[in-house]
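# Structural characterization, general
Here is how the chains run, residue by residue.
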Amino acid sequence: MTISERAHELAIAAAQAAADKKAQDIVIIDVGDQLAITDAFLLAAAPNERQVLAIVDAIEERLLELPEKAKPIRREGERGGRWVLLDYVDIVVHVQHTEEREFYALDRLWKDCPTIPFVDRDLVDAESGTGSTTAE
């Protein structure tokens, strides 16, 4: 695994922020051996443009909350809301509309690269029975 500790921290935090906004098909790909410009790609999908933008906002907010605040150096695709790219140097985040995710299939394009495990903490809490519940 070639991913730096910083890139791993950013990728996991961004993935959890995406999961918190109900992103689908979240995958972290270690592209460090293949690309000199970044260590990892985070891929996530959403069924509509509004949710794509909400996921992007949540990721940006979460990474700004880290002890070493992270701000993207580049942001592309926000206007259309179908595929937004956030470049944090150490990681590049791709939040795509479900149709774009299926059509461009970035996970298949980078299939030779290892993936980095990510498990949504809410799923872990639900399985262990520690998830919070609210009474009506």
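Here is what the cut-offs are and how they apply
Residues numbered from 1 in each chain as written. Predicted model: local features only at pLDDT ≥ 70, side-chain atom pairs only at ≥ 80, totals over all residues. Heavy atoms only, no water. UniProt positions renumbered as here; feature names shortened; annotations may be inferred. Phe/Tyr/Trp six-rings, centres within 6.5 Å; stacked < 30°, edge-to-face > 60°. Buried < 20%, exposed > 50% of the residue type's maximum accessible area, 1.4 Å probe, protein only. Salt bridge = Lys/Arg side-chain N within 4 Å of Asp/Glu carboxyl O. Helix = DSSP H or I, 4+ residues; strand = E, 2+ residues; numbered from the N terminus.

As named in an unreviewed UniProt entry, the chain is Ribosomal silencing factor RsfS, taken from Micromonospora reichwaldensis. The record in UniProt for the chain states the following under Function (unreviewed entry): "Functions as a ribosomal silencing factor. Interacts with ribosomal protein uL14 (rplN), blocking formation of intersubunit bridge B8. Prevents association of the 30S and 50S ribosomal subunits and the formation of functional ribosomes, thus repressing translation." Check the Subcellular location (unreviewed entry) section of the UniProt entry for the chain; it says "Cytoplasm".

The final tally for this structure, using the stated rule, is three aromatic pairs. Both rings, one in Phe103 and one in Tyr104, keep their centres 4.9 Å apart while their planes meet at 85 degrees; by these two values the pair is edge-to-face. What makes Phe103 exposed here is its relative accessible area of 63%. A connected cluster of aromatic rings, assembled from ring pairs, spans Trp83, Phe103 and Tyr104.

On to the pattern of salt bridges. For the coordinates displayed, the defined rule picks out eleven salt bridges. Of the charged contacts in the structure, one is a salt bridge between Glu78 and Arg75, with a shortest N-O distance of 2.8 Å. We classify Glu78 as partly exposed; its relative accessible area is 37%. Between Arg101 and Asp107 there is a salt bridge; the shortest N-O distance is 2.6 Å. According to the relative accessible area criterion, Arg101 is buried, its value standing at 5%.

This brings us to unusual backbone geometry. Trans peptide bonds make up the majority, and among non-glycine residues the majority have a negative phi. At Asp25, a residue that is not glycine, the phi angle is positive and equals roughly 50 degrees. Following the sequence through the fold, Asp25 ends up in strand E1 (residues 24–30).

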